[in-house]
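Take a look at the letters that make up each chain.
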Amino acid sequence: MKVLLVGSGAREHALARGLTKSPSLSELHAAPGNPGIAEIGTCHPVRVDDIEGLVDLAQSLRIDLVVVGPEAPLVAGLADQLRKAGIATFGPSAAAAEIEGSKAFAKDVLDAAGVPTARILDVPKAPCVVKADGLASGKGVFICNTEDELAEGLAGARALGDTVVVEEMLTGPEVSVFALCDGSVAVPLASARDFKRIGDGDTGPNTGGMGAYSPVADSGDLATLVAEIHQPVLDELARRGTPFIGCLFAGLMLTPDGPRVLEFNARFGDPETQVIVARLEGDLLAALAAAAAGDLSGVSIGTGADAAVTIVVAGPDYPARSDYTGAAITGIDDAESDGAFVFHGGTAMHDGALVTNGGRILSVTAAGPTVREARETAYTAVAKVAFAGAQHRNDIAGGVE
Ligand code: AMP
Ligand code: GLY
């Protein structure tokens, strides 16, 4: 099977690695990919927002399955155009991707499906959470503990231009739960916990995610979570005539009253995918192809007993800036010699040398019999990679056994 992977981050590098383990993979292509993916597949210089260019590329390469990583091209209708051209695609239509693209739409679907989520406050009052509708790469959420913070949050959200939603403030640990979906059936993958803030001890601004671990022991039974959270949403989207095909990603808060949905995403998470793929046993490509073909019944994708931890190494001004370019990266082979994997997030080749090119530059990932052992291997490997200005958190999966 010839596969085209759309995207250029560490999530896509991890997926690429997972796909290469499949006996049915004949060719792996990526657009635009990155230097890590280029070691195991062929990268093509087509951007993720060039929908016409991606459809043309998939047709000219006679691709059997397109796997879409990031949300923006999904919300813009990439999967619709690929399917219209007769190309099997793992990734939802624009209509189904609205579950991530619009928080107001997501609330409407969750209410109709009877899935528990934060209550909307008609009258904003601290403590509460202010959210700008639409895709804002994690920057559209304002946690407001005081009336002053609420005033700032409302102004900040309105400045982003879209509709503003105000929710009750929930408390509890968070967990990301992914399910592969074929439009009607949801197959659970593993659970993972993401570390969203830039600084140790969950301080500083939100980021795309600075690290993750899996499994998450306190998240309860995965099959039950997917049956109670993902399946009703999948059923509701199908009922509306917009079935969801792809990875349905629930961001949950485990509150004292039970799990509550914070958000749904229409794609694999980054960096959660790095740890989930590291733990997968079984044929990822077969599962993604079955989902794209609308027939996941009977497919189960196994997760190994090992735990996994990933640590993101970011540029010096991340998350304020995601354009740290040109600093030489060293030590990847050394880091991998002890059994870690270094997934490329924002890298480029310049005059034959690997350099930084983005915000989240590398995802250093390790597996082990326990989260603690995986963390130790991952941090040993992190100490071996280097570039000027590199920053990472020191407390990813800290204290977890
Ligand atoms: P979201 O983009 O909706 O996932 O929000 C980003 C982060 O904001 C989440 O991971 C939570 O840490 C926090 N958050 C969002 N909604 C709430 C809420 N209703 N109560 C408490 N924290 C929230
Ligand atoms: N790590 C969270 C996300 O991918 O949105």
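- By the naming in an unreviewed UniProt entry, the protein chain is phosphoribosylamine--glycine ligase, taken from freshwater metagenome.

**What about the packing of helix α1 (residues 10-20) against helix α10 (residues 272-279)?**
- The contact between α1 and α10 brings their axes to 8 Å, and the two run at 10°. On the basis of the axis angle, α1 is roughly parallel to α10. Along this stretch, α1 crosses α10, giving a crossing that reads as left-handed. When α1 is examined against α10, the residues Ala 10, Arg 11, Ala 14, Leu 15 and Gly 18 are found in contact with a partner set consisting of Thr 273, Gln 274 and Val 277.

**Some thoughts on the environment of Cys 247**
- Here Cys 247 lies in strand β14 (residues 245-255).
- Given a relative accessible area of 2%, Cys 247 falls into the buried group.
- Residues Cys 247 and Gln 59, spaced 188 residues apart in sequence, show a C-alpha to C-alpha distance of 23 Å.
- In this view, Cys 247 contacts Phe 90, Phe 178, Ala 179, Asn 265, Ala 266, Arg 267 and Phe 268; residues no more than four positions away in its chain are not counted.

**Some words on the packing of α1 against helix α11 (residues 284-292)**
- Where α1 contacts α11, the axes come no closer than 7 Å and their chain directions differ by 105°. One element, α1, and the other, α11, form an angle in the roughly perpendicular class. Contact with α1, carried on its side by Leu 15, Gly 18 and Leu 19, involves Leu 284, Leu 285 and Leu 288 of α11 and no other residues of that element.

**As for the site of ligand 1**
- With respect to spatial proximity, 15 residues lie near ligand 1, and among them Lys 131, Glu 167, Leu 170, Glu 174 and Glu 263 are the closest.
- In this structure, Glu 174 approaches ligand 1 through a side-chain N or O atom, which is 2.4 Å from an oxygen atom.
- Between an oxygen atom of ligand 1 and a side-chain N or O atom of Glu 263, the distance comes to 3.1 Å.
- Summarising the interface, the protein chains cover 91% of the accessible area of ligand 1, which totals 470 Å² for the free molecule.
- Going through the elements one at a time, β6 (128-132), β7 (141-144), β8 (164-168) and β15 (258-265) are the ones with two or more residues in the shell around ligand 1.

**Section: the site of ligand 2**
- Taken together, the neighbourhood of ligand 2 is formed by Asp 194, Gly 208, Phe 249, Asn 265, Arg 267, Gly 269, Asp 270, Pro 271 and Glu 272.
- At 2.8 Å, a side-chain N or O of Asp 194 approaches a nitrogen atom of ligand 2.
- Taking Glu 272, its side chain carries an N or O atom lying 2.8 Å from a nitrogen atom of ligand 2.
- For ligand 2, the accessible surface in isolation is 200 Å², of which the surrounding protein chains cover 89%.
- Taken together, the residues of the shell around ligand 2 break down into two nonpolar, three polar and four charged.

**Topic: the sheet that holds β14**
- In spatial order, the strands read β15-β14-β9-β10-β13-β18-β23-β20; together these eight strands make up an open sheet with antiparallel pairing. Each edge of the open sheet is held by one strand with a lone partner, namely β15 and β20 (341-344). Between one strand and the next, the sheet's axes are offset by a mean angle of 25°, whatever the strand orientation.
- As paired elements, β20 and strand β23 (residues 360-368) share four bridges and run antiparallel to each other. The residue of β23 that forms the bridge with Phe 341 is Thr 365.
- Of the strands in this sheet, β20 and β23 are in contact with α1, which crosses β20 at around 125°.
- Each of β9 (174-182) and β14 touches α11; the most contacted strand, β9, lies at about 65° to it.

**Some remarks on the packing of aromatic side chains**
- A full pass over the atoms with the stated rule returns six aromatic pairs.
- Ring centres of Phe 195 and Tyr 213 lie 6.1 Å apart, and the angle between their planes is 45°; on these two criteria the pair is classed as tilted. Pair noted here: Phe 195 is in the loop between β10 (186-194) and β11 (197-199) and Tyr 213 is in strand β13 (residues 211-214), with a separation of 18 residues, a long-range link.
- A residue is classified by how much of its surface remains accessible, and Phe 195, at 12% relative accessible area, is buried.
- For Tyr 213, a relative accessible area of 4% puts it in the buried group.

Calculation notes
Residues numbered from 1 in each chain as written. Chains lettered and ligands numbered in written order. Predicted model: local features only at pLDDT ≥ 70, side-chain atom pairs only at ≥ 80, totals over all residues. Heavy atoms only, no water. Axes fitted to C-alpha atoms, helices over the stretch in contact; angles between N-to-C directions. Helix = DSSP H or I, 4+ residues; strand = E, 2+ residues; numbered from the N terminus. Parallel < 35°, antiparallel > 145°, perpendicular 65-115°, else oblique. Left-handed = near helix turned anticlockwise from the far one by under 90°. Contact = heavy atoms within 4.5 Å. Buried < 20%, exposed > 50% of the residue type's maximum accessible area, 1.4 Å probe, protein only. Near = heavy atom within 4 Å. Polar contact = N/O pair within 3.5 Å; in protein donor to acceptor, adjacent residues only side chain to side chain. Areas by Shrake-Rupley, 256 points an atom, 1.4 Å probe, with all protein chains shown as cover. Nonpolar A, V, L, I, M, F, W, Y, C, P; charged D, E, K, R; others polar. Pairing = 2+ DSSP bridges. Phe/Tyr/Trp six-rings, centres within 6.5 Å; stacked < 30°, edge-to-face > 60°.

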